[in-house]
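Residue strings, one per chain:
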Amino acid sequence: MKDLIKKILKEYKEEEKILVVPSLKYFGNDWNVLQSFLKSKGNPKWKLLDDLVLNDTEIKSLGNLISVGGGLNLGNTQIKSLGNLQSVGGDLFLYKIPIESLGNLQYVGGYLDLYNTPIKSLGNLQSVGGYLHLRNSSIESLGNLQSVGGYLGLGNTQIESLGNLESVGGNLFLRNVPIKSLGNLESVGGGLNLNNTPIESLGNLQSVGDNLILNDTPISKKYTEEEIRQMVNVKGHIFI
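Rules used throughout
- Residues numbered from 1 in each chain as written.
- Predicted model: local features only at pLDDT ≥ 70, side-chain atom pairs only at ≥ 80, totals over all residues.
- Heavy atoms only, no water.
- Core = buried A, V, L, I, M, F, W, Y, C linked by side-chain atoms within 4.5 Å.
- Buried < 20%, exposed > 50% of the residue type's maximum accessible area, 1.4 Å probe, protein only.
- Helix = DSSP H or I, 4+ residues; strand = E, 2+ residues; numbered from the N terminus.
- Contact = heavy atoms within 4.5 Å.
- Pairing = 2+ DSSP bridges.
- Right-handed = clockwise from strand over helix to strand, strands pointing away.
- Polar contact = N/O pair within 3.5 Å; in protein donor to acceptor, adjacent residues only side chain to side chain.

A. Layout of the nonpolar core. Ranked by size, the top nonpolar core spans 67 residues in total, and within it Leu62 and Leu82 carry the most contacts. Looking at this core, the elements that each hand over two or more residues are β1 (18–21), α2 (31–40), β2 (45–48) and β4 (65–68). Non-local contacts of leucine 62, meaning those with residues more than four positions away in its chain, are made with Trp31, Trp46, Leu54, Leu72, Leu74, Ile79, Leu82 and Leu85.

B. Geometry of the pairing of β1. Going residue by residue along β1, you find Ile18 and Val20 tucked away on one face and Leu19 and Val21 tucked away on the opposite face as well. Where β1 and β2 come together, 4 bridges link them in parallel fashion. Residue pairing across strands places isoleucine 18 opposite lysine 45, the latter belonging to β2. Regarding the hand of the β-α-β motif, the stretch spanning β1, α2 and β2 is right-handed.

C. Here's a closer look at the side chain of threonine 217. With respect to the helices, strands and loops of the structure, threonine 217 is situated in the loop between β19 (212–213) and α3 (218–222). Reaching out from threonine 217, the side chain makes a polar contact with the backbone oxygen of leucine 214 at a distance of 2.7 Å. Threonine 217 has contacts with Leu194, Asn196, Thr197 and Ile199, leaving out every residue within four places of it along the chain.

So, in structure tokens, the structure goes:
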């Protein structure tokens, strides 16, 4: 272990003052032991190459952590902000926590779970590679989000616009949501459900990979199915 610590410190000196930690297991899988080590080095910026599992713990801050190579689980903790964290290579679980800010987070490679949280904006986040679960959250803005690789769930939220979002790889569920604008959205790989929403325009939308559900919307009263198909390439059924 001492040799590994020396290696970590050597790489730290060579990589623009960013300390690289291969895995928490080298610190006995003890977050507090790792924090003591970081404190002894002046609390530098650091990144972890492995998974980081901290759910159901008393953690309140990630300190100067800027990157997690694997997944990060913070479910059922008291974390309110992700602070300096910029990227998570795997899944990011933030369910049922008092999260108020994603801080500097820009990228999540896997699934992002914000179910039942008080988060109001996704801030600097630009891309989620897997599913994005925001159901029952306090979300009001998707911030700088541009793409979601999987399903995007916004059920039981008060979101009114998709803002900068350009693509959703899976299904997009907006039923009973006060959505007024699809913003910059161009493509949905799966189905798009806009049932019982005040949506009046499909905006920049070019393609839907499955069904398009428009029942009980102003659009369903304004256009016929043929007119909608002229505007958007819908591979499935259109329900109006």
